[in-house]
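# Summary of the model geometry
So you can see what is in the structure, the chains are spelled out below.
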Amino acid sequence: MQSRTELRKHNNRNNLYLIIIGVIIIIAIIGGVFFHNKKVEAEQHERTFASTHFNPNVTIYGVKVGKLTVNKDMTKINEKADNVIFLRNKKIISERDANIQTIDKQTVKEYFDKQHTDLINNQKYTYNSKDLSEAKEKLKKMQKASVTYNIAGKKYTLKAEDLIGEVTYKDGKYNFTDVKNLTNKLNDINKEVQTLKKSYKFMVPVGNKAKGKTITVTNESYGWGIYVKKAKAAVEKAFIDGTTELDGSKYIYGDGYSTYAHGYGKSNNGIGNNYVVVSIKNQELWVVCKGRVVVHLNDVVTGTLEGGKGNQTPKGVWYIMYKESPSVLRGFNDDGSKYASKVQYWMPFTLSGCGLHDASWRNDWSKTAYLRGGSHGCVNIRPAEIRSVWSNISTNDAVIVY
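Keep in mind it's a predicted model, so treat the numbers as computed, not measured.

Before going further, it helps to examine helix H4 (residues 130-143). Taking 1.5 Å per residue as the helical rise, H4 with its 14 residues ought to reach 20 Å, and the 20 Å between its terminal C-alpha atoms agrees with that figure. Here H4 has its buried residues at Leu-132, Ala-135, Leu-139, Met-142 and Gln-143. End-on, the buried residues of H4 take up no more than an arc of 100°, which puts them together on one face. Away from its buried face by more than 90 degrees, H4 exposes Lys-130 and Lys-141. Contacts from the buried residues of H4 go to strand S3 (84-88), strand S4 (91-95), helix H5 (160-163), strand S8 (166-170), strand S9 (173-178) and helix H7 (228-241). Its side-chain oxygen placed 3.3 Å from the backbone nitrogen of Asp-131, Ser-129 serves as the N-cap of H4.

Quick look at the structure:
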């Protein structure tokens, strides 16, 4: 049997254990309450933070914006994000233009709402610009564009990748900022096909035969060329729309009185089968219709040869600008005085005032009249013969003076 002393010691030890256990339980309860409160406080802090700040792993338009507010997010994106895409030198390149606002507060708020959680989480959120993605796809498509440019029976392959140095796409519109290669290409094509200022061999009438001898003539106002500015715009649009063929004849121009493209698609070096021929040396005139001589005049008078080029009838290939009946011709005599001459039929072919007309005042119709006593540059025709010329000539018919 235990002694009372031993029993007392045993009871004291048990009581100590109970006290220690009680203290531990009390400490645990207090600690649990403390940590619970801390957890509650931390969660509350996270909830408060998450309600105003982005989650840590959020990327918008390539810029990391985690833990930022909407306003700071907007500022950072506008300072760092690319907002323009170029097709430049055969590559798709994105850049930032400081003059363009990349994103607005409303858009940032929409992205915030998409990623918002009650408590902060480490999930990754990546948001790309729909505008930039669309622009990239549009420019990739253009990069592959190719157009066959048809002009004067020839075909030229034009590739966007080779000819467009730089183009951007924004707000649904393309902006071509470097097309010098395209412009140069169209200029090169124009040099190959244009007929304005072009020299070539041509058969002129002799007697009553429409094709009697071959001479070299040069187109002056007659002919056509590529209107490069319009053609360039048409090619750019074709690249945009995916058009694969272009009719180049829709983008050509003429010279002189009108911008009509004279001779395009016509045979006989573009002259066609209806034209007028004037021989200065022989003082003759022919009107050819449907390839046949319908009028042959042996005694016209051209511009005065001696005394400089001021009154000479200019050589080259021109065209009838318009027809007027009756008309009054106005100009200056050699002494500086003005003249006003009434004519019944007037058919000008140069902007300087040269044309075909009757000359009722002329008495000298000899072959040598033009040497010293010719016209001011016009082709004078006898009043009795002018009607036949007028009736067989149409506006825009070629006039070949040699």
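This part takes up unusual backbone geometry. Most peptide bonds take the trans configuration, and most residues that are not glycine carry a negative phi. The peptide bond linking Ser-325 to Pro-326 adopts the cis configuration, its omega dihedral lying at -10°. Mapping Pro-326 onto the fold places it in the loop between strand S18 (316-319) and strand S19 (327-332). Positioned with a positive phi, Asn-89 is a non-glycine residue whose angle comes to about 50°. With respect to the helices and strands, Asn-89 occurs in the loop between S3 and S4.

Turning our attention to the packing of helix H6 (residues 180-193) against H7. Taken N-terminus to C-terminus, the directions of H6 and H7 make an angle of 125°; their axes are 10 Å apart at the nearest point. As summarised for this structure, H6 and H7 are arranged oblique, according to the angle between their axes. For the crossing formed where H6 meets H7, the hand is right-handed. In this structure, H6 uses Leu-182, Thr-183, Leu-186 and Asn-187 to contact H7, whose residues at the interface are Val-228, Ala-231, Lys-232, Val-235 and Glu-236. Considering only residue class, the contact of H6 with H7 consists of 5 nonpolar, 2 polar and 2 charged.

On to the packing of aromatic side chains, then. A full pass over the atoms with the stated rule returns 9 aromatic pairs. Consider the rings of Tyr-227 and Tyr-253, whose centres lie 6.3 Å apart with planes at 70°: the pair is edge-to-face. Of this pair, Tyr-227 sits in the loop between strand S12 (225-226) and H7 while Tyr-253 sits in strand S14 (residues 252-253), and the two are 26 residues apart along the sequence. Tyr-227 gets classed as partly exposed once you look at its relative accessible area, which sits at 34%. Of the residues examined, Tyr-253 reaches a relative accessible area of 30% and is grouped as partly exposed. Here the aromatic rings of Tyr-257 and Tyr-322 are separated by 5.2 Å at their centres, their planes lie at 45°, and the arrangement is tilted. Highlighted residues: Tyr-257 in the loop between S14 and strand S15 (275-279) and Tyr-322 in the loop between S18 and S19, separated in sequence by 65 residues. Residue Tyr-257 is classed as partly exposed on the basis of its relative accessible area of 47%. Overall, the relative accessible area of 27% leaves Tyr-322 in the partly exposed class. Ring-pair connections join several aromatic residues into one group, and the members of that group are Tyr-61, Tyr-111 and Tyr-127.

The rules behind the values
Residues numbered from 1 in each chain as written. Predicted model: local features only at pLDDT ≥ 70, side-chain atom pairs only at ≥ 80, totals over all residues. Heavy atoms only, no water. Helix = DSSP H or I, 4+ residues; strand = E, 2+ residues; numbered from the N terminus. Expected span 1.5 Å × (residues − 1). Buried < 20%, exposed > 50% of the residue type's maximum accessible area, 1.4 Å probe, protein only. Arc of directions from axis to C-beta. Contact = heavy atoms within 4.5 Å. Polar contact = N/O pair within 3.5 Å; in protein donor to acceptor, adjacent residues only side chain to side chain. Axes fitted to C-alpha atoms, helices over the stretch in contact; angles between N-to-C directions. Parallel < 35°, antiparallel > 145°, perpendicular 65-115°, else oblique. Left-handed = near helix turned anticlockwise from the far one by under 90°. Nonpolar A, V, L, I, M, F, W, Y, C, P; charged D, E, K, R; others polar. Phe/Tyr/Trp six-rings, centres within 6.5 Å; stacked < 30°, edge-to-face > 60°.

Purely geometric numbers; function is a separate question.
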